[in-house]
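Coordinate analysis (summary)
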Amino acid sequence: MSKVKIYGITTPKVPWQEKPENLQGAPVWRYSENPIIGRNPVKGVARIFNSAVMPYEDGFIGVFRGEQTNGIPYIYLGRSQDAIHWEFDEEKIPFKDEDGNDFMPIYAYDPRLVKVEDTYYIMWCQDFYGASIGLAKTTDFKSFTRVENPFLPFNRNAVLFPRKVNGNFLMLSRPSDSGHTPFGDIFLSESPDLVYWGKHRHVMGKSSEWWESVKIGGGAAPIETSEGWLLFYHGVTGTCNGFVYSIGGAILDIDNPSIVKYRCENFLLTPEEWYEERGFVPNVAFPCATMQDDETGRIAIYYGCADTYVGLAFTQVDEVVDYIKTHSVVRESDSEIGRR
Ligand code: BMA
């Protein structure tokens, strides 16, 4: 039994490998058979990456960013019995509007999948006169209803919290620009009904640590723990050869998640393996989901690799929380309520 308690959806079937004995640095280690999804995974799709999964019925389900052979990204549904080997629908997810009419985005990428109460929500980046957030709901993974776009353009990296806090839905997002965005902090917004969003708060900014000195963005849905909301996010640095995306970790206050309690000054995982360093966009580790088991404290992190593959990494809640706390540097703009 782990010391740090995990709440919310947990599963003893979470994929797992023990920590390698020679692991250096942060207690996050890669699955030895990575990448778990290779190139040309389904007809008409050249690459799947930046995708989100969760337990469903007696197995697992996921929403996957598929780069079609015409280069346009879209979201595909996938199913698995072990959360490692996936089968994908050949058809894109068929979104409808609230009147039941087809309502397909022009493009769709970086989906997250979060269950709040009895409903599954998918949020992604799409065109709304510029890159912005799309939102849809389903209860059966057969019909998918889009609800109002939560935010104005430009915005990316939206992820809902897995439960309401103080009676409201909460969503993290990263306001951005129309291009590849050389800036960006994580913000929090609240809604009573998923239609009207407000009470916007600054959560945390890019930092003076070089690995996240250009921009940061929400990653996996925050995990509720006895220490606060455990957040795996991405941090970006700029080099003479372009951006490098790493995975970072922070813990947010449970009742006021715009307050950062701990924030790890070191990355938890940075591109090192061939499938992270080499691909359509080199040097990208981009977390979009986790699955966890409350009994053992095991956490599996699903992350996009080099905009080409899906990778799997593991950590244990006590170890990662301890590492984040031991290496925590929280600045004033992180620890305040985030309202100006
Ligand atoms: C971001 C998004 C991600 C992508 C990353 C690296 O702006 O487009 O989907 O993984 O860039 O290319």
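In what follows, the structure referred to is the one given above.
These numbers were taken from a predicted model, which means no experiment stands behind them.

1. What to know about the overall build of the protein
Check the secondary structure of the protein and you find 3 helices and 22 strands. With the C-alpha coordinates aligned to their principal axes, the bounding extent of the protein is approximately 50 × 45 × 45 Å. Relative to its 340 residues, the protein shows a buried fraction of 58%. In the structure as shown, the protein presents an accessible area of about 14300 Å², 48% of it carried by carbon and sulfur atoms. Across the protein, 33 positive and 46 negative side-chain charges occur, with their mean positions spaced 3 Å apart.

2. Describing the packing of aromatic side chains
One pass over the full model with this rule turns up 22 aromatic pairs. With a centroid separation of 4.9 Å and an interplanar angle of 75°, the aromatic rings of Phe 64 and Phe 88 are classed as edge-to-face. Of the two residues, Phe 64 is situated in strand S3 (residues 59-68) and Phe 88 in strand S5 (residues 87-92); the sequence distance between them amounts to 24 residues. Seen in terms of ring centroids, Trp 211 and Tyr 233 are 6.2 Å apart; in terms of plane orientation they differ by 35°. Their pairing is tilted. Residue Trp 211 is located in the loop between strand S14 (198-204) and strand S15 (215-218), and its partner Tyr 233 is located in strand S17 (residues 228-239); the two are separated by 22 residues in the primary sequence. The buried category is assigned to Trp 211, whose relative accessible area is 10%. Classification of Tyr 233 by relative accessible area gives buried; the value is 0%. Site record: aromatic cluster; members linked through ring pairs are Tyr 56, Phe 95, Tyr 120, Trp 124, Phe 141 and Phe 144. For the cation-ring pair, Arg 47 lies above Phe 280, with the distance from its terminal atom to the ring centre recorded as 3.7 Å.

3. A few points about the pairing of strand S10 (residues 144-147)
Note that strand S6 (residues 95-96) and S10 share 2 bridges and pair parallel. When the bridges of S10 are listed, Phe 95 appears paired with Phe 144. Of the pairings in the sheet, the one linking strand S9 (residues 131-138) to S10 comprises 3 bridges and is antiparallel in character. Bridged to Ala 136 within S10 is Arg 146. Between the antiparallel neighbours S9 and S10 lie 5 residues, among them Phe 141 with a positive phi of about 60°.

4. Thoughts on the site of the ligand
For the ligand, the full set of nearby residues is Asn 50, Arg 65, Tyr 109, Asp 110, Tyr 245, Val 281, Val 284, Phe 286 and Asp 307. Contact between the ligand and Tyr 245: an oxygen atom at 3.0 Å from a side-chain N or O atom of the residue. Summarising the interface, the protein chains cover 86% of the accessible area of the ligand, which totals 310 Å² for the free molecule. When grouped by side-chain class, the residues that make up the shell around the ligand number 5 nonpolar, 1 polar and 3 charged.

5. Remarks on the pairing of strand S2 (residues 45-56)
Across the 12 residues that make up S2, a large majority, 10, are buried. Alignment of S2 against S3, held across 9 bridges, turns out to be antiparallel. Bridge pairing links Arg 47 to Glu 67 in S3. As consecutive antiparallel partners, S2 and S3 are separated by 2 residues, and within that stretch Glu 57 has a phi angle of approximately 50°, a positive value.

6. Comments concerning the environment of Phe 49
Within the fold, Phe 49 resides in strand S2. Separated by 243 residues in sequence, Phe 49 and Gln 292 place their C-alpha atoms 20 Å apart. Setting aside anything within four residues of it in sequence, one finds Phe 49 in contact with Arg 65, Glu 67, Gly 304, Cys 305, Asp 307, Thr 308, Tyr 309 and Val 310.

7. Things to note about helix H2 (residues 317-326)
Among the residues making up H2, those that are buried are Val 317, Asp 318, Val 320, Val 321, Tyr 323 and Ile 324. Structurally, H2 contributes buried residues whose contacts are with strand S16 (223-225), S17, strand S18 (242-252), strand S19 (260-263), strand S21 (298-305) and strand S22 (309-316). Measuring from the side-chain oxygen of the N-cap residue of H2 to the backbone nitrogen of Asp 318 gives 2.8 Å; that N-cap residue is Gln 316.

8. Quick notes on the sheet that holds S10
What the 5 strands build is an open sheet, ordered S6-S10-S9-S8-S7; its pairing is mixed. The open sheet has two free edges, formed respectively by S6 and strand S7 (108-116), since each of these has just one partner strand.

9. A look at the nonpolar core
Core analysis: the biggest nonpolar cluster contains 41 residues, and Ile 36, Trp 86, Phe 95, Leu 113, Ile 122 and Tyr 302 have the highest contact counts within it. Contributing elements (two or more residues each) for this core: S2, S3, strand S4 (73-80), S7, strand S8 (119-127), strand S20 (285-292), S21 and S22. A total of 6 residues in this core trace back to one element, the largest contributor, which is S2. Discounting chain neighbours no more than four positions away, the residues touching Trp 86 are Ile 36, Ile 37, Val 53, Phe 60, Ile 61, Gly 62, Phe 64, Gly 78, Arg 79 and Ser 80.

10. Looking at the side chain of Asp 97
Tracing the backbone shows Asp 97 in the loop between S6 and S7. Nearest to the buried, unbridged Asp 97 among oppositely charged side chains is Lys 96, at 8.3 Å. Here Asp 99 takes part through its backbone nitrogen, which lies 2.8 Å from a polar atom of the side chain of Asp 97. Not counting chain neighbours up to four residues away, the residues in contact with Asp 97 comprise Phe 103, Thr 145 and Arg 146.

Analysis parameters
Residues numbered from 1 in each chain as written. Predicted model: local features only at pLDDT ≥ 70, side-chain atom pairs only at ≥ 80, totals over all residues. Heavy atoms only, no water. Helix = DSSP H or I, 4+ residues; strand = E, 2+ residues; numbered from the N terminus. Buried < 20%, exposed > 50% of the residue type's maximum accessible area, 1.4 Å probe, protein only. Areas by Shrake-Rupley, 256 points an atom, 1.4 Å probe, with all protein chains shown as cover. Lys, Arg positive; Asp, Glu negative; His and termini not counted. Charge placed at Lys NZ, Arg CZ, Asp CG, Glu CD. Phe/Tyr/Trp six-rings, centres within 6.5 Å; stacked < 30°, edge-to-face > 60°. Lys NZ or Arg CZ within 6 Å of the ring centre and 35° of its normal. Pairing = 2+ DSSP bridges. Near = heavy atom within 4 Å. Polar contact = N/O pair within 3.5 Å; in protein donor to acceptor, adjacent residues only side chain to side chain. Nonpolar A, V, L, I, M, F, W, Y, C, P; charged D, E, K, R; others polar. Contact = heavy atoms within 4.5 Å. Core = buried A, V, L, I, M, F, W, Y, C linked by side-chain atoms within 4.5 Å. Salt bridge = Lys/Arg side-chain N within 4 Å of Asp/Glu carboxyl O.

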